[in-house]
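Observations on the three-dimensional arrangement
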Amino acid sequence: TQLLEQSPQFLSIQEGENLTVYCNSSSVFSSLQWYRQEPGEGPVLLVTVVTGGEVKKLKRLTFQFGDARKDSSLHITAAQTGDTGLYLCAGAPGNMLTFGGGTRLMVKP
Amino acid sequence: EAGVVQSPRYKIIEKKQPVAFWCNPISGHNTLYWYLQNLGQGPELLIRYENEEAVDDSQLPKDRFSAERLKGVDSTLKIQPAELGDSAVYLCASSLTSGGTYEQYFGPGTRLTVT
């Protein structure tokens, strides 16, 4: 069982649609990071959320940290083909650094 | 500013052979991480260094894997002997130690194929 569960594992949508992916845990996190990874490359940091209930926006991406700091979500508005990739959440409950299994997003033209 | 550099990008070896990966972190980053990533999955931490000290190596299979970070800058990860199940992407990342937020910057990875 992974410490960070991401859902869905796979998502295939048309360009222009909205979507939300989730990162859940039974543990409390002092912070969570979201990364996007493209084939053949390392993950790239998108955002860090620190405060329970925090909402951060990055252009069409909206990140939310749960009030209890056990879960987070990523919402993409009007998805574009360039959003295709593997979305990963990561954090360190206690001192145990861990990544979720990722959500693989495919945005079709 | 140069990013995290890893070499080689690709490596194909036969089982039971040794292999080594090299990583040069972003200048000034005192924390360095090695991860293993299987296809379609999230990275799994192998070892984390704070300067020269390995502060978390609990997931490193120490019977065949070893790592070093001399002088607290670049690092080498070695596998000896390699097994078929070691085929994966090996990622290196670095970060500033900053209040436990673990904002990491990754290199492109080394794709290892063991035949």
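For the structure, check the block above.
These remarks concern the structure in this document. Model, not experiment: these values are computed from the prediction.

1. Thoughts on the overall build of chain A
Helices and strands together make up the secondary structure of chain A, namely zero helices and 11 strands. When the helices and strands of chain A are listed from N to C terminus, the series reads β-β-β-β-β-β-β-β-β-β-β. By the compact-globule yardstick of 13 Å for 109 residues, chain A fits well, its C-alpha radius of gyration being 13 Å. If one aligns the C-alpha atoms of chain A with their principal axes, the spans along those axes are about 40 × 25 × 20 Å. Expressed as a percentage of the 109 residues in chain A, the buried residues total 45%. Within chain A, residue pairs in contact and separated by at least 24 positions form 53% of the contacts whose partners lie at least 6 positions apart. Charge separation in chain A, taken as the distance between the mean sites of 9 positive and 9 negative side-chain charges, equals 3 Å.

2. A word on the overall build of chain B
Broken down by element type, chain B carries zero helices and 11 strands. Its helices and strands taken in sequence order, chain B reads β-β-β-β-β-β-β-β-β-β-β from the N to the C terminus. In terms of C-alpha radius of gyration, chain B reaches 13 Å, essentially the compact-globule figure of 13 Å for 115 residues. Here the contacts in chain B between residues at least 6 apart in sequence split such that 54% fall between residues at least 24 apart. Carbon together with sulfur atoms contributes 49% to the accessible area of chain B, which is approximately 5,700 Å² in total. A distance of 8 Å separates the average location of the 11 positive side-chain charges in chain B from that of its 14 negative side-chain charges.

3. Brief notes about the packing of aromatic side chains
Within the structure shown, the criterion is met by nine aromatic pairs over all chains. Ring geometry for A:Phe99 versus B:Phe106: centroids 6.0 Å apart, planes at 75°, classification edge-to-face. With A:Phe99 in strand β10 (residues 98–99) and B:Phe106 in strand β10 (residues 105–106), this pair bridges two chains. Residues A:Phe99 and B:Phe106 agree in their burial class; the two are buried. An aromatic cluster is present here, built from A:Tyr35, A:Phe99, B:Tyr33, B:Tyr35 and B:Phe106 joined pairwise through their rings.

4. Notes on the sheet that holds strand β3 (residues 19–24) of chain B
Residue and element names in this part refer to chain B. Across the sheet, four strands lie side by side as β1-β3-β8-β7; this open sheet has antiparallel pairing. Among the strands making up the open sheet, the edge pair consists of β1 (5–7) and β7 (65–68). With direction set aside, neighbouring strand axes in the sheet form an average angle of 15°.

5. Regarding the interface of chain A and chain B
Taken together, the contacts link 20 residues of chain A with 20 residues of chain B. Between chain A and chain B, a total of about 1,500 Å² is buried, with carbon and sulfur atoms accounting for 50% of that surface. Summed over the shared surface of chain A and chain B, the number is zero salt bridges. The interface formed by chain A and chain B includes five residue pairs in polar contact (both at pLDDT 80 or more). Per element, the largest residue contribution to the side of chain A that touches chain B is three residues, and it comes from strand β4 (residues 32–37) of chain A. Here the side of chain A that touches chain B is built from residues that sort into eight nonpolar, 10 polar and two charged.

6. Brief notes about the pairing of strand β5 (residues 44–49) of chain A
Residue and element names in this part refer to chain A. Across five bridges, the pairing between β4 and β5 is antiparallel. Its bridge partner lying in β5, Gln-33 is registered against Thr-48. Counting the residues between successive antiparallel strands, the hairpin from β4 to β5 contains six residues, one of them, Gly-40, with a positive phi of roughly 80°.

7. Overview of the state of the cysteines
Defined simply, a disulfide is a covalent bond joining two cysteines at their sulfur atoms. Residues and elements named next belong to chain B. Evaluated as defined, the whole model comprises two disulfides over all chains. Residue Cys-23 pairs covalently with Cys-92 via a disulfide, S to S 1.9 Å. Between Cys-23 and Cys-92 the disulfide shows an S-S torsion of about -70°. By sign, it is left-handed. Here the residue Cys-23 occupies a position in strand β3, and Cys-92 occupies one in strand β9 (residues 88–95), the gap between them amounting to 69 residues. The exposure class assigned to Cys-23 is buried, which follows from its relative accessible area of 0%.

Definitions and cut-offs
All residue numbers refer to position in the chain's written sequence, counted from 1. Just so you know, chain letters begin at A and ligand numbers begin at 1, following the order they were written in. The model is predicted, so local features are restricted to residues of pLDDT at least 70 and side-chain atom pairs to those at 80 or more, both for listing and for counting; the totals for chains, interfaces and linings are taken over all residues. No hydrogens and no water enter the side-chain calculation; it runs on all heavy atoms of the structure. Secondary structure elements follow DSSP: runs of H or I of four or more residues count as helices, runs of E of two or more count as strands, with numbering from the N terminus. For the radius of gyration, the atom set is restricted to C-alpha positions; the globular benchmark scales as 2.2 Å times the number of residues to the power 0.38. When a residue's accessible area, from a 1.4 Å probe over protein chains only, is under 20% of the maximum for its type it is buried; when over 50% it is exposed; and in between it is partly exposed. Any two residues having at least one pair of non-hydrogen atoms within 4.5 Å are treated as being in contact. By the counting rule applied here, Lys and Arg register as positive and Asp and Glu as negative, while His and the ends of each chain are not counted. For this purpose, a charge sits on NZ of Lys, CZ of Arg, CG of Asp or CD of Glu. Each accessible area is a Shrake-Rupley estimate made with a 1.4 Å probe; only the visible protein chains count as cover when residues are assessed. Centres within 6.5 Å are what make two rings of Phe, Tyr or Trp a pair, Trp counting through its six-membered ring; a difference in plane orientation under 30 degrees is then read as stacked, over 60 as edge-to-face, and the rest as tilted. Strands were regarded as paired on the criterion that DSSP finds at least two bridges between them. Each axis is a line fitted through C-alpha atoms, taken for helices only over the stretch in contact, and angles between the N-to-C directions span 0 to 180 degrees. Put simply, buried area is how much 1.4 Å-probe accessible surface two parts lose in total, over both of them, once they are put together. Salt bridge, as used here, is a side-chain nitrogen of Lys or Arg placed within 4 Å of a carboxyl oxygen of Asp or Glu. Counted as a polar contact is a pair of N or O atoms within 3.5 Å, where, for protein atoms, one must be capable of donating a hydrogen and the other of accepting one, and residues adjacent in sequence contribute only when both atoms are in side chains. For this classification, Asp, Glu, Lys and Arg are treated as charged, while Ala, Val, Leu, Ile, Met, Phe, Trp, Tyr, Cys and Pro are nonpolar and the rest, including Gly, are polar. Note on terminology: pairs of cysteine sulfur atoms within 2.5 Å are recorded as disulfides.

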